[in-house]
Amino acid sequence: EDTTLDATHDFTAGDNNASLSSAAAINTAAVHIGTNGLDIPTAADNALFVVSSGDLVSMIEGSLGFWFRIVDFTAGPTLVNIDNSAAANMHLRVQQSGTDELDFRFRFQGGSNIGLATIAADLALDTWYFVIVRWDSVANDRRVEVYNEDGSLRNSTDDVTTDWDVATGIDRMFWGE
């Protein structure tokens, strides 16, 4: 609804005010629930939250869930990127993959660069979906779940065997690209 998170409806253990870059906007053009949504019209756009000492995200174990709608599908653009500003190749990322899938990627500078792509999400343009990504580095467990607008499971992909390096120095979380 706004760049400032609402303590009644949102949760944050840290930064509660997003900085918008380029043409990113909170407006009715991207609304799904409520009166406003985050509109990311071009590749340079995002909403940034500052991460301090792991207050918003744990790279050891966690999950993210969010609604999204893709207007133009191209391989690679990021929906969410959590990284180290001094080492941008150290991140956790949810990005578009192929022509209609998502990739949940972990990258450790000088170490692992692993992805977990959906294999049958078959995403359509101008359609609302809900995605949940989950990770547990101790158990080597990663999962991507994509849900239809009505809440029915569209695709679930998991990996419980691949080990990965845990990114360090995480200090920012971008929504959109």
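So, a few notes on the structure that sits alongside this text.

Procedures and definitions
Residues numbered from 1 in each chain as written. Predicted model: local features only at pLDDT ≥ 70, side-chain atom pairs only at ≥ 80, totals over all residues. Heavy atoms only, no water. Core = buried A, V, L, I, M, F, W, Y, C linked by side-chain atoms within 4.5 Å. Buried < 20%, exposed > 50% of the residue type's maximum accessible area, 1.4 Å probe, protein only. Contact = heavy atoms within 4.5 Å. Pairing = 2+ DSSP bridges. Helix = DSSP H or I, 4+ residues; strand = E, 2+ residues; numbered from the N terminus. Axes fitted to C-alpha atoms, helices over the stretch in contact; angles between N-to-C directions.

## Let's talk about the nonpolar core
The nonpolar side chains of a soluble globular protein tend to be buried with one another. By size, the foremost hydrophobic cluster in this structure holds 36 residues, and its most contacted members are Phe-68, Ile-82, Phe-104, Leu-123 and Trp-135. If we skip the residues at most four places from it in the chain, Phe-104 touches Leu-92, Arg-93, Val-94, Ile-114, Gly-115, Leu-116, Val-133, Arg-134, Trp-135, Arg-142, Arg-143 and Val-144.

## Some remarks on the sheet that holds strand S12 (residues 153–159)
Strand-to-strand pairing in sheets goes through backbone hydrogen bonds, with the strands running parallel or antiparallel. Reading across from one edge, S5-S10-S11-S12 is the order of the 4 strands in this open sheet, with antiparallel pairing throughout. Strands at the two margins of the open sheet, each flanked by one partner only, are strand S5 (61–69) and S12. Taken pair by pair, the neighbouring strands of this sheet meet at an average axis angle of 10°, ignoring direction. Sheet topology places strand S10 (residues 128–136) next to strand S11 (residues 141–147); 7 bridges connect them, and they run antiparallel. Across the sheet, Val-133 pairs through a bridge with Val-144, a residue of S11.

## Remarks on the side chain of Thr-78
By the element assignment, Thr-78 lies in strand S6 (residues 78–84). Classification of Thr-78 by relative accessible area gives buried; the value is 6%. Once residues lying within four places of it in the same chain are set aside, the contact partners of Thr-78 are Arg-93, Val-94, Gln-95, Gly-176 and Glu-177.

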